[in-house]
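# Report on the structure
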Amino acid sequence: MSQVAYALENQPEIQQAVYLCQQQDLVPFSGVAARFSQYAIALFYLPGAAVELYGVSHIDPASGAPVIGHGLIGESGGEFYIAAPLHKQQYRLSDGQCLSDSTLKLQVFNVQLRDGRVWLLPPME
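These remarks concern the structure in this document. (Residues numbered from 1 in each chain as written. Predicted model: local features only at pLDDT ≥ 70, side-chain atom pairs only at ≥ 80, totals over all residues. Heavy atoms only, no water.)

### A word on the pairing of strand 9 (residues 117–121)
Among the five residues in strand 9, four count as buried, and that is most of the element. With five bridges connecting them, strand 8 (residues 108–114) and strand 9 associate as antiparallel partners. From the neighbouring strand, N110 faces strand 9, where its bridge partner is L121. The hairpin formed by strand 8 and strand 9 contains two residues between the paired strands, and D115 there has a positive phi angle of roughly 55°. (Buried < 20%, exposed > 50% of the residue type's maximum accessible area, 1.4 Å probe, protein only. Helix = DSSP H or I, 4+ residues; strand = E, 2+ residues; numbered from the N terminus. Pairing = 2+ DSSP bridges.)

Shown next as structure tokens:
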């Protein structure tokens, strides 16, 4: 088992809302990296979109490198995706699924922008 797979499998559960950063720390139509415990999270802020904030794993599943937050945002058919900077795979921000390789998927985090703050919430059941 790779170190990345081991780290992902052994992360603590998110039990309650966790404050990550201020809204002013976000870059419109771009990504920033945040960290909580062992989680490396890429936050993508799309002001004016139906869903303005997405949170996915910052770790590229193809390479294991922490680079997803540096990828380019695109849109196709009304869905936003992130193009990974190293190998250019495209991952839907809504569910983390790679559009070109069904075996690759980003972990998706439940994040919320509330009163000028970004919150990491427990997973939706």
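### Some details on the sheet that holds strand 6 (residues 79–83)
Read across the open sheet, the three strands follow the order 5-6-7; overall the sheet is antiparallel. Unpaired on one side and paired on the other, strand 5 (72–76) and strand 7 (90–92) mark the two borders of the sheet. Direction aside, neighbouring strands of the sheet carry axes that sit 35° apart on average. Bridging between strand 6 and strand 7 involves three bridges; their strand directions are antiparallel. In the sheet register, Y81 faces strand 7, and the bridge partner there is R92. (Axes fitted to C-alpha atoms, helices over the stretch in contact; angles between N-to-C directions.)

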